[in-house]
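A closer look at the structure
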Amino acid sequence: QVQLVESGGGLVQPGGSLRLSCAASGRIFSVNTMGWYRQAPGKQRELVATITSGGRTNYTDSVKGRFTISRDNAKNTAYLQMNSLKPEDAAVYYCNANIRTTWRPWTDYWGQGTQVTVST
């Protein structure tokens with residue numbers, strides 16, 4: 001089995017920072033693109049940022065210049081550094097990874113989600 005375990009969410013004031021982590025574990029052969037998505041109450045899940053195994057990144061417009069996605073391929077871990085947080089960034093953040101295991105072809109996996117609250 002493959003597991004994605006997220007950490008780093010919490011409560012922060014507007015203008016503050018948080019760093020999310022997502023660690024993939026299991027019988028992993030290779031990890032392709034990893035990404036972060038978020039879902040606010042009453043809204044659809046949306047893409048925040050992705051990063052390929054080669055380090056190519058992509059961001060949704062609303063977080064450009066404030067969020068940075070990175071990864072450590074040796075640890076199968078992705079990070080999301082979030083700076084200058086705004087109330088509209090509040091959501092449950094989900095990690096996604098495209099993974100090939102020893103018994104299964106490329107498959108998308110999801111973490112359980114971590115809550116980010118931006119409030120005074």
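Residues numbered from 1 in each chain as written. Predicted model: local features only at pLDDT ≥ 70, side-chain atom pairs only at ≥ 80, totals over all residues. Heavy atoms only, no water.

**Re the overall build of the protein chain**
Secondary structure assignment for the protein chain yields zero helices and 11 strands. Order of helices (α) and strands (β) in the protein chain, N terminus to C terminus: β-β-β-β-β-β-β-β-β-β-β. On the principal axes, the C-alpha backbone points of the protein chain span a range of 45 × 25 × 20 Å. Every one of the 120 residues in the protein chain was classed for burial, and the buried ones make up 42%. Counting contacts in the protein chain only where the partners sit at least 6 residues apart, residues at least 24 apart contribute 55% of the total. Roughly 6,500 Å² of accessible area belongs to the protein chain as shown, and the carbon and sulfur atoms make up 45% of that amount. Seen as two clouds, the 13 positive and the 7 negative side-chain charges of the protein chain have centres 6 Å apart. (Helix = DSSP H or I, 4+ residues; strand = E, 2+ residues; numbered from the N terminus. Buried < 20%, exposed > 50% of the residue type's maximum accessible area, 1.4 Å probe, protein only. Contact = heavy atoms within 4.5 Å. Areas by Shrake-Rupley, 256 points an atom, 1.4 Å probe, with all protein chains shown as cover. Lys, Arg positive; Asp, Glu negative; His and termini not counted. Charge placed at Lys NZ, Arg CZ, Asp CG, Glu CD.)

**Comments concerning the sheet that holds strand 7 (residues 67–72)**
Spatial strand order, 1-3-8-7: four strands in an open sheet with antiparallel pairing. Of all the strands in the sheet, the pair left with one neighbour each is strand 1 (2–7) and strand 7. Each strand of the sheet is rotated relative to its neighbour by a mean of 15°, with strand direction disregarded. With six bridges connecting them, strand 1 and strand 3 (residues 18–26) associate as antiparallel partners. The residue bridging E6 from the neighbouring strand is C22, located in strand 3. (Pairing = 2+ DSSP bridges. Axes fitted to C-alpha atoms, helices over the stretch in contact; angles between N-to-C directions.)

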